[in-house]
Amino acid sequence: MEVSGGGGFLLLLFVVVLMPRSATVLLADAARRTLTDVSSPPAPSPAADAPILPGVVVSPPTAVKIPTEGDNHYQKQVLVAVILSLVAVIVMAVSATYAWSFWRKAREALDSKDMKLQNRSNGHMLLPVLGKLNSNKMSSKEVIAMMDFSVLETATDKFSEKNILGKGGFGCVYRACLDGNVVAAVKKLNCCRQEVEKEFENELDFLGKIRHPNVISVLGYCSHEDTRLVIYELMKNGSLETQLHGSSHGSALSWHTRLKIALDAARGLEHLHEHCNPIIIHRDIKSSNILLDSVYNAKISDFGLATYGGNHNRDDINPSGTVGYVAPEYLLDGQLTEKSDVYSFGVVLLELLLGRKPVERVGEPHCESFVSWAMPQITDRTKLPQIIDPVIQNTMDLRHLYQVAAVAVLCVQPEPSYRPLIADVLHSLVPLVPVELGGTLRVVEQPRSAG
Ligand SMILES: Nc1ncnc2c1ncn2[C@@H]1O[C@H](COP(=O)(O)OP(=O)(O)OP(=O)(O)O)[C@@H](O)[C@H]1O
Ligand SMILES: [Mg+2]
């Protein structure tokens, strides 16, 4: 049943003004009569005059009142008043619900009109749009601001080399200065392949729906001829890959910072696996897709290959991902579950421990994955402290090192059912990360020895 706005209002007016009034009049009348009864003196009872004997308990006399025709009339009036009041309350509730739903529909219509207008304009209004990215129902591209190519050209100084933050398989990522002082990262995809177009659409689709502190935020997009651009929040410390394998060789990442990064990435992944409905499988977890802000908060990026969980088979989805990070059952049989992401996460955890790339050349043309060569040493407590990244050697509690190594080894088990859920990984990392970095570990300062 649909009630128009005007009809609903008239109904509401009737209910609010007339219904309670008639009920109130009846109730007041009934009450007045009842009060009149109570105020008139009671008829003398014979028992009241009888002498009371000591030790004898006299029960108070019970007034037996024979209902008169008048009493019946009052009772009927009270009943009618109560029924009318009930009806009034129900009708009020129904009318209020209709009025509320009408108001909501009108507001949604107004919002989507605003959004379309904004998309047609030059997309300068990034910030108001951010608050609206949380919708899971709307098509995400509708809620992400479309930006003008010329605005991005100006913001990146015509995509100048000096603004390049990094290079990916499909193009470069540039530092951009929007509106004077809003900095952002712009990924420019040279879109001559269908694959790129698909990843671009996928990226916007997923990132438009997900809002989580450990998942990168997308600020806008642009389609210009053959070029596709995505605008993200700028992550000042780049990717985990550049931190570990770039010029600083991991020297900026202490033991606790590395664990914090692992914990943040696990939190982002847990959100995808446990709190999204349907669940989301990222399919491309790797160190270059874990980005770090100015204080090393980590966020998962690149949702171009992401997909919803469910029963996938080889025909549904082409196995994709990055060599060294892809789970064996997915690579060989196309079997895709959230445990594929857990495998890739385990590889990143090993990368953080060892400070080495997952796949390295061991003489032309052979490559070897550390999941195979390092396994015997990682599982040996006497050898483990010697093979970890020299930058962090002897800087941690060894018990914590054994614990993290054990988690990593479980994550990269060849059999997916032996791997833990990301929620379990998360719970085992939390106690190892200091409170001020988002975990529960309380680090006690060792007193310095005198001299
Ligand atoms: N939002 C961002 N803020 C800062 N730097 C970024 C941002 N996004 C990407 N980068 C940098 O740009 C690099 C390239 O990113 P991109 O996602 O294009 O490729 P990739 O992940 O390295 O590789 P692939 O193309 O195989 O996914 C990243 O490694 C990172 O250093
Ligand atoms: Mg990337």
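- For the protein, an unreviewed UniProt entry supplies the name Protein kinase domain-containing protein and the organism Lolium multiflorum.
- Quoted verbatim from the Sequence similarities (unreviewed entry) field of UniProt, the annotation for the protein is "Belongs to the protein kinase superfamily."

## Some details on the site of ligand 1
Link 1 in the chain: Near ligand 1 you find 23 residues, and of these Gly 166, Gly 168, Gly 169, Ala 185 and Ser 288 are the closest.
Link 2 in the chain: With four residues, the single largest contributor to the shell around ligand 1 is strand 2 (residues 164–168).
Link 3 in the chain: Here the residues of the shell around ligand 1 sort into nine nonpolar, 10 polar and four charged.

## Focus on the packing of helix 9 (residues 255–275) against helix 11 (residues 338–354)
Link 1 in the chain: One can describe the packing of helix 9 onto helix 11 by two numbers: an axis separation of 11 Å at closest approach and a directional angle of 175°. Regarding the angle of helix 9 to helix 11, the classification is roughly antiparallel. Every residue of helix 11 that contacts helix 9 at Arg 258, Ile 261, Ala 262, Ala 265, Ala 266, Leu 269 and His 273 is listed here: Glu 338, Asp 341, Phe 345, Val 348, Leu 349 and Leu 352.
Link 2 in the chain: Looking at the contact of helix 9 with helix 11 residue by residue, the class counts come to nine nonpolar, one polar and three charged.

## Remarks on the environment of Phe 200
Link 1 in the chain: Examined against the element boundaries, Phe 200 turns out to sit in helix 7 (residues 194–207).
Link 2 in the chain: Between the C-alpha atom of Phe 200 and that of Asp 302, which follows or precedes it by 102 residues, the distance is 9.6 Å.
Link 3 in the chain: Excluding its chain neighbours within four sequence positions, the residues that come into contact with Phe 200 are Leu 189, Cys 191 and Arg 228.

## Side note on the sheet that holds strand 1 (residues 145–146)
Link 1 in the chain: Overall, mixed pairing links the six strands, which are arranged 1-5-6-4-3-2 in an open sheet. At either margin of the open sheet sits one strand with a lone partner, and together these are strand 1 and strand 2.
Link 2 in the chain: When strand 5 (residues 218–224) meets strand 6 (residues 227–233), the two strands line up antiparallel, connected through six bridges. Opposite Cys 222, over in strand 6, you have Leu 229 as the bridge partner.

## Looking at the packing of helix 11 against helix 15 (residues 398–411)
Link 1 in the chain: Relative orientation of the contacting elements helix 11 and helix 15 amounts to 145°, with a least axis distance of 8 Å. Considering the relative orientation of helix 11 and helix 15, their crossing is left-handed. Of the residues in helix 15, those touching helix 11 at Val 342, Tyr 343, Phe 345, Gly 346, Leu 349, Leu 350 and Leu 353 are Val 404, Ala 405, Val 407, Ala 408 and Cys 411.
Link 2 in the chain: Its residues placed into classes, the contact of helix 11 with helix 15 shows 11 nonpolar, one polar and no charged.

## Regarding the pairing of strand 2
Link 1 in the chain: Relative to strand 3 (residues 171–178), strand 2 is paired through four bridges, and the arrangement is antiparallel. Its bridge partner lying in strand 3, Gly 166 is registered against Val 173.
Link 2 in the chain: Between the end of strand 2 and the start of strand 3, which pair antiparallel, lie two residues.

## With respect to the environment of His 271
Link 1 in the chain: Note that His 271 resides in helix 9.
Link 2 in the chain: Residue His 271 is classed as partly exposed on the basis of its 19 C-beta neighbours within 10 Å.
Link 3 in the chain: Remark: the alpha-carbon pair of His 271 and Asn 214, spanning 57 residues in sequence, is separated by 8.8 Å.
Link 4 in the chain: For His 271, the contacting residues outside a window of four places in its chain are His 212, Asn 214, Val 215 and Cys 276.

## Some points on the confidence of the model for the protein
Link 1 in the chain: Here the protein averages 80 in pLDDT, and 71% of its residues register 70 or above.
Link 2 in the chain: This stretch, residues 1–28, has a pLDDT under 50; its non-local contacts, to residues over four places away or in other chains, come to 30 contacts.
Link 3 in the chain: In this model, residues 33–64 is a region of pLDDT below 50 whose contacts with residues beyond four sequence positions or in other chains number six contacts.

## Considering unusual backbone geometry
Link 1 in the chain: For the bond from Asn 277 to Pro 278, the omega torsion is 0°, close enough to zero to count as cis.
Link 2 in the chain: By the secondary structure assignment, Pro 278 is in the loop between helix 9 and strand 7 (280–281).
Link 3 in the chain: With phi around 50°, Phe 159 is a residue other than glycine that occupies positive phi space.
Link 4 in the chain: Tracing the backbone through its elements, the reader meets Phe 159 in the loop between helix 6 (149–155) and strand 2.

## Section: the environment of Asp 341
Link 1 in the chain: Topologically, Asp 341 is positioned in helix 11.
Link 2 in the chain: Asp 341 gets classed as buried once you count the C-beta atoms within 10 Å, which come to 29.
Link 3 in the chain: The spacing of Asp 341 and Ile 281 is 60 residues in sequence and 6.8 Å in space, taken between C-alpha atoms.
Link 4 in the chain: The residues contacting Asp 341, other than those within four sequence positions of it, are Leu 269, Ile 281, His 282, Ile 285 and Ile 422.

Rules used throughout
Residues numbered from 1 in each chain as written. Chains lettered and ligands numbered in written order. Predicted model: local features only at pLDDT ≥ 70, side-chain atom pairs only at ≥ 80, totals over all residues. UniProt positions renumbered as here; feature names shortened; annotations may be inferred. Near = placed C-beta within 6 Å. Helix = DSSP H or I, 4+ residues; strand = E, 2+ residues; numbered from the N terminus. Nonpolar A, V, L, I, M, F, W, Y, C, P; charged D, E, K, R; others polar. Axes fitted to C-alpha atoms, helices over the stretch in contact; angles between N-to-C directions. Parallel < 35°, antiparallel > 145°, perpendicular 65-115°, else oblique. Contact = placed C-beta atoms within 7 Å. Pairing = 2+ DSSP bridges. Left-handed = near helix turned anticlockwise from the far one by under 90°. Buried ≥ 20, exposed ≤ 12 C-beta atoms within 10 Å, placed from the backbone. pLDDT = per-residue confidence, 0-100.

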